[in-house]
2 protein chains.
Amino acid sequence: MTKRREQVGLVTMHSIASAAGVSPMTVSNTFRYPERVQEETRQRVMRIAAELGYVPNHAAGNLASGQSRVIGAIIPSIKNSSFYKYVRGMQDTAAEHGYELVLKLADTICHEHAAIQTFIGLRVAGIALVGNEHEPAAIDILQKTALPVVESWVLGNPIDMAVGYSTTAATKAILDVLLARGYRNIGFIGYERTASHRFTERLPIFRSVLAQAGLSSDLVHLADEADGFGAGPKALEELCRIGPRIDAVICPTDIVAAGVLFECGRRGWKVPDRIAVAGWGDYEIASEITPGLTTVQPNAYEMGQQSVTMIVERARGNRNRGRVVDTGFQIIKRAST
Amino acid sequence: MTKRREQVGLVTMHSIASAAGVSPMTVSNTFRYPERVQEETRQRVMRIAAELGYVPNHAAGNLASGQSRVIGAIIPSIKNSSFYKYVRGMQDTAAEHGYELVLKLADTICHEHAAIQTFIGLRVAGIALVGNEHEPAAIDILQKTALPVVESWVLGNPIDMAVGYSTTAATKAILDVLLARGYRNIGFIGYERTASHRFTERLPIFRSVLAQAGLSSDLVHLADEADGFGAGPKALEELCRIGPRIDAVICPTDIVAAGVLFECGRRGWKVPDRIAVAGWGDYEIASEITPGLTTVQPNAYEMGQQSVTMIVERARGNRNRGRVVDTGFQIIKRAST
DNA sequence: TTGATCAGTTCACACATGTTG
DNA sequence: ACAACATGTGTGAACTGATCA
């Protein structure tokens with residue numbers, strides 16, 4: 001009786017039902033279980049729905065069924081291409097299974113917490129996170145709600161499930177390349193003040209590998225994560241101050257590595273003759289810049305696929321809590337080392 | 001009676017209501033209209049809600065109130081930093097107004113249509129689109145639902161509202177820079193098979209400006225939009241074949257421009273002595289690469305702010321249908337021209 | 001096809017208290 | 001002293017649109 005106000009979505013299942021001369025349930029069925037409805041009625045309902053511009057109300061459906069076809073993914077950044085393939089993998093796989101992927105950006109664990117709340121509030125089918133560092137309150141609420149959650153780009157000790165690759169193994173592998181090629185004064189660029197294990201795990205491995213090789217591991221510079229390309233020149237300057245004989249450097253991302261290459265260009269340094277440069281992530285620029293960057297290529301697309309697959313399986317009742325999948329990585333050798 | 005199945009979000013308003021010894025309505029009020037409930041009860045309810053890890057169900061609230069605090073944005077790509085500032089602007093502004101921003105990726109107008117359907121299905125408060133080329137069916141449904149819609153990065157003839165800058169004016173401005181510096185054999189790189197006015201508007205202006213200056217405008221190459229950096233080398237090769245005396249080139253994005261710079265480096269061509277290179281978009285790489293790229297800097301952050309502001313205002317009842325806002329642009333002059 | 005149901009919100013109203021003419 | 005009227009808090013019924021049995 002109380003006609004509240006002009007609603008936005010005026011077209012409801014009722015309106016098409018009466019326009020088509022069937023019950024609302026029949027309309028519902030034509031959308032969710034087309035095979036339960038006779039071809040003829042189905043077509044009539046679809047036609048009228050299209051004419052009236054009907055879009056089923058997820059909110060109502062979600063509420064009634066307790067289910068959702070939306071998966072929420074939270075990514076730290078869209079500043080560069082690092083998550084591009086990952087998101088593509090998620091999106092394509094979600095579509096295959098009849099799910100929708102929506103994204104939220106969160107560059108700090110505090111924002112991540114807020115994004116998690118939003119997704120829980122929306123009652124999504126599952127949540128994909130990057131990394132395994134989160135606010136305690138966020139972990140707490142994820143555990144309480146028992147929503148399917150995948151942490152990606154990282155392995156081990158998951159809230160629920162995880163898919164990633166071993167940064168430790170990748171760090172070793174890239175150092176092996178440099179050592180095999182005879183570099184002996186290897187520098188390391190990392191990030192300071194980052195909470196992310198994706199980055200912080202690398203330095204200890206760097207130190208232990210060099211120690212085992214009987215080499216010094218003093219050439220370390222921690223850059224500001226916000227700097228992007230700009231971190232390269234700063235880091236190179238600092239490392240050269242510490243050890244002028246530096247002959248190779250490994251970077252936290254290809255972006256930083258590209259920044260180092262730009263700086264080498266300005267100094268007139270030949271790469272890799274004067275200094276070898278290794279990147280990380282196989283960003284698009286790695287293969288296009290000259291010299292091409294030797295880099296760690298995570299299987300980002302597969303990681304995205306796997307993340308969504310695990311969420312969908314769990315939403316369908318499979319019990320793969322605690323599952324951890326390693327999607328591996330490759331070392332791409334190019335001219336920079 | 002029918003206890004359906006283990007619901008995901010077990011904590012409801014009812015459970016905190018009984019735990020706090022108040023009615024569900026009081027719980028609802030403490031969240032939505034805190035001033036309507038006594039300080040003491042408010043705190044008790046809040047405490048219990050926090051303890052139980054309660055997250056209000058947007059789906060239910062949305063359904064009951066017909067309102068939403070979620071804004072949906074559809075962006076074509078996260079492959080590079082072009083939309084980074086834009087999204088930041090939207091996100092920050094949404095947060096200021098107490099709204100949430102969620103993203104969907106759509107690289108074709110077909111995918112965009114699907115994303116629009118998803119957002120309408122979610123009954124979001126409004127939708128932000130990039131560009132003004134859409135599927136007819138998508139336009140149709142947006143008009144029917146009368147949802148607040150902003151088209152950005154583009155001006156004119158909006159479905160509902162628009163915020164952007166003039167690609168025409170920007171193309172003229174960047175050509176003025178090149179002409180003023182004496183370049184006379186100017187090449188143009190555009191995109192082929194792109195539906196987007198953001199790009200297709202540029203070529204006619206290029207032609208007319210050069211014609212007015214009494215110069216030829218034959219040096220045109222249309223690249224594959226998917227190519228990124230790789231489009232640069234291909235385009236340069238083609239343009240040199242058409243006109244070996246080419247002395248400047250304007251690119252559709254800074255990424256393509258960077259690709260051109262890489263290729264110039266390989267050829268040993270000095271920039272801008274042998275050839276001047278102009279980019280578009282003020283991507284992060286533009287200021288970091290050597291030589292720095294002369295480029296068009298749209299006010300992307302402001303565009304994002306403005307988009308969300310317009311949606312929020314409309315959601316609050318302001319009638320700014322048909323409004324078009326020009327956020328302008330700057331030409332950033334660097335060493336590449 | 002019908003009604004009950006999901007988890008909230010709107011709206012109208014109850015109730016206690018205080019203020020006013 | 002009393003009705004009349006605000007005011008501040010809390011409650012119950014009806015309702016949202018789609019789904020399930």
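Above this text sits the structure in question.
Residues numbered from 1 in each chain as written. Chains lettered and ligands numbered in written order. Predicted model: local features only at pLDDT ≥ 70, side-chain atom pairs only at ≥ 80, totals over all residues. Heavy atoms only, no water.

With that settled, the discussion passes to the side chain of Lys104 of chain A. Note on placement: Lys104 of chain A falls in strand β2 (residues 100–105). Of the residues examined, Lys104 of chain A reaches a relative accessible area of 6% and is grouped as buried. Within the structure, Lys104 of chain A has its side chain in polar contact with the side chain of Glu100 of chain B (distance 3.1 Å). Beyond its immediate stretch of four places on either side in the chain, Lys104 of chain A contacts Ala73, Ile74, Ile75, Ala115, Thr118 and Phe119 of chain A together with Glu100, Leu101 and Val102 of chain B. (Helix = DSSP H or I, 4+ residues; strand = E, 2+ residues; numbered from the N terminus. Buried < 20%, exposed > 50% of the residue type's maximum accessible area, 1.4 Å probe, protein only. Polar contact = N/O pair within 3.5 Å; in protein donor to acceptor, adjacent residues only side chain to side chain. Contact = heavy atoms within 4.5 Å.)

Here we come to the packing of helix α2 (residues 24–32) of chain A against helix α3 (residues 39–52) of chain A. Residues and elements named next belong to chain A. Relative orientation of the contacting elements α2 and α3 amounts to 90 degrees, with a least axis distance of 10 Å. Classified by the interaxial angle, the pair formed by α2 and α3 is roughly perpendicular. Residues Val27, Thr30 and Phe31 of α2 lie in contact with α3, whose contacting residues are Arg42, Val45, Met46 and Ala49. In terms of residue class, the contact of α2 with α3 is built from five nonpolar, one polar and one charged. (Axes fitted to C-alpha atoms, helices over the stretch in contact; angles between N-to-C directions. Parallel < 35°, antiparallel > 145°, perpendicular 65-115°, else oblique. Nonpolar A, V, L, I, M, F, W, Y, C, P; charged D, E, K, R; others polar.)

This paragraph deals with the protein's contact with DNA strand D. In the vicinity of DNA strand D there are 28 residues, among which Met13, Ser28, Arg32 and Tyr54 of chain A together with Thr26 of chain B approach most closely. The protein-proximal atoms of DNA strand D, defined as those within 4 Å of the protein, are 69% sugar or phosphate. Interatomic distance of 2.4 Å between a side-chain N/O atom of Ser28 of chain A and a phosphate oxygen of DNA strand D. At a separation of 2.9 Å, a phosphate oxygen of DNA strand D approaches a polar backbone atom of Ser23 of chain B. (Near = heavy atom within 4 Å.)

Think of a disulfide as a covalent bridge from one cysteine sulfur atom to another cysteine sulfur atom. Enumeration over the complete set of coordinates arrives at zero disulfides over all chains. Between Cys240 of chain A, a cysteine without a disulfide, and Cys264 of chain A, which holds the nearest cysteine sulfur, the sulfur-to-sulfur distance is 8.1 Å. (Disulfide = S-S within 2.5 Å.)

Residue and element names in this part refer to chain A. With six of seven residues buried, strand β6 (residues 186–192) is to be regarded as a mostly interior element. In the sheet, β6 pairs with strand β7 (residues 220–224) via five bridges, with the strands oriented parallel. What sits directly across from Glu192, in β7, is Asp224. (Pairing = 2+ DSSP bridges.)

Below, the discussion takes up the relation of the copies chain B and chain A. Rotating chain B by 180 degrees and moving it 0.1 Å along the rotation axis overlays it on chain A with an RMSD of 0.2 Å. When the rotation and shift are considered jointly, the pair of chain copies conforms to a two-fold rotation axis. A share of 100% of the interface residues of chain B reappears at the interface of chain A, consistent with the copies meeting face to face through the same patch. (Least-squares fit on C-alpha atoms with pLDDT ≥ 70 in both.)

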